[in-house]
Each structure stands twice: as C-alpha cells, then as structure tokens.
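# Residue-level structural notes
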Amino acid sequence: AVAYFTDADSVTGTTSVNGFTYTTGTDTLQLLSVDDASPNIVLVNRDTGHTVGPSLKLWYDGTDTTDGNTIGSIYFDARDDGAAISTWADIKAYTDNVNAGAEYASLAWRVLSRNGTLTEGMRLKGHDTVNKVSLGIMTAAPAYTLDVVGDTQLSGNSQVIGTSLLSGNTTVEGTSLLSGNSI
C-alpha cells in the first residue's frame, strides 16, 4: 500500500489512504498495522550496480541550531501490563558543537530501568579533534576511546598494548598478558 500526500496543508481533518493517516495540524504521519508478522515500513532500493542500499534521513531543518540541540530521535513505545504507554528505549542525536567548520555531535542510547526511568547506557561522541570518537558506557561524557563507568567483566583473552594504568582494586583470575608499561 502506498499513500502520497502532495500538500499536507490542503488536508482538512483526518485523511487516511491505505493505512496511512495524516491529521491537520499535527505534523504526524501514522502507519497502522494490525499484522504482527509484517514490518510497518520497508525501504527497498533496486538500483543494481551500486553498493549503497536504501537510506532513512532524519533532518532537523531549524534555523536556530545551538549546541546541545536534539536533532533526531527514535522512540520505542509500548504498553505495560496496566495499559499505560511508556517509552521503553530511545536513540537520540545531539549537536555538541555547531560552529561552522568545527561541528561535532553525539548519539545516545537510553533504556528503561526500574520505576520507569530512562537511563542513558551508551553514548558515541565526536570531538573537536579530527577523526576522534569516544564510546561511553554509563557516561554521557566519555574522555577516552572507550570509557566505562561501573563494574566491568571481561571474559576470554584480554590484551593491552601500550601503557596500562590500574587504580583501585584489580583482580586477575587466570593469565594476564601485559606488554609495554604497567603502572
């Protein structure tokens, strides 16, 4: 089913075409599916001979972009067993620096934790240094390429090349291989 609204401003009230609904004044296009075996949106690119598949663009076209703006979000909503609708997880993109020629951004993943609190669990953050990106686990401001706040468990082999700085309590069970300096 395909629906195409050529001029949403000309829609009066609610208009539905093949499961697509547009309501005047809401800037919302809703797809309604009652079949749990089918996806709601499928993007297909049949351009053979190229190596790029379909893409989805979330475009913030505001003229007042400032540092810290949320420029795109994906929400995962559902009802709980009491029929209350909650956001169970989301992914958000932020402008961290909008200065022309020095722009950088971050992407945050949040999940619902006990008592209905959305908690940021991971953030991928660009920096003002070219080609520098950090991944933070349980921190919104990662200072290192991988910055983990909280208890960490590594299973399997772990190899450190370079300088290893250990502070606090460190327990090693099995074999630990360190090459370079250990402080």
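Look above for the structure.
Computed from a predicted model, the values in this text were never measured in an experiment.

## Notes on unusual backbone geometry
For N115, which is not glycine, the phi dihedral falls at a positive 70°. Of note in the backbone geometry, M138 takes a positive phi value of approximately 65° without being a glycine. Among the structural elements, M138 can be located in the loop between β8 (133-137) and β9 (146-148). For M138, a relative accessible area of 46% translates into the label partly exposed.

## Details of the environment of S113
Looking at the secondary structure, you find S113 in strand β6 (residues 104-113). As a C-alpha pair, S113 and W88 span 25 residues in sequence and 8.6 Å in three-dimensional space. Here the side chain of S113 touches T119 through a polar contact of 2.8 Å, side chain to side chain.

## Digging into the sheet that holds strand β7 (residues 117-126)
Taken in spatial order, the 6 strands of this open sheet run β4-β5-β6-β7-β8-β9, and their pairing is mixed. Since the sheet does not close on itself, it has two edges, and those belong to β4 (70-79) and β9, each with one partner. Direction aside, neighbouring strands of the sheet carry axes that sit 15° apart on average. Where β4 meets strand β5 (residues 85-97), 9 bridges bridge the pair, whose relative direction is antiparallel. Looking across to β5, one finds that A78 is bridged to S86.

## Considerations on the pattern of salt bridges
Tallied over the entire structure, the rule returns 3 salt bridges. Residue D96 is joined to K125 by a salt bridge in which the shortest nitrogen-to-oxygen separation is 3.0 Å. With D96 in strand β5 and K125 in strand β7, this residue pair connects regions lying 29 residues apart in the sequence.

## Overview of the layout of surface pockets
Gaps left between atoms show up when a probe the size of a water molecule is rolled over them. Roughly 1200 Å³ of internal volume is contained in the largest pocket. Of all the secondary structure elements, the ones that give two or more residues to the lining of the largest pocket are β9, β10 (159-161) and β11 (177-179). For the lining of the largest pocket, the element with the most residues is β9, which contributes 3 residues.

## Quick notes on the side chain of K125
Taking relative accessible area as the criterion, K125 reaches 16% and is therefore assigned buried. A polar side-chain atom of K125 sits 3.0 Å from a polar atom in the side chain of D96. In this view, K125 contacts D96, A105, S106, K132, V133, S134, A140 and P142; residues no more than four positions away in its chain are not counted.

Cut-offs and rules
Residues numbered from 1 in each chain as written. Predicted model: local features only at pLDDT ≥ 70, side-chain atom pairs only at ≥ 80, totals over all residues. Heavy atoms only, no water. Helix = DSSP H or I, 4+ residues; strand = E, 2+ residues; numbered from the N terminus. Buried < 20%, exposed > 50% of the residue type's maximum accessible area, 1.4 Å probe, protein only. Polar contact = N/O pair within 3.5 Å; in protein donor to acceptor, adjacent residues only side chain to side chain. Pairing = 2+ DSSP bridges. Axes fitted to C-alpha atoms, helices over the stretch in contact; angles between N-to-C directions. Salt bridge = Lys/Arg side-chain N within 4 Å of Asp/Glu carboxyl O. 1 Å grid on protein atoms, 1.4 Å probe; cavity = no way out; pocket = protein on both sides within 12 Å on 5 of 7 lines; lining within 4 Å. Points joined across faces, edges and corners; volume = space filled by probe spheres on them. Contact = heavy atoms within 4.5 Å.

Geometric descriptors of this kind do not, in isolation, establish any biological role.
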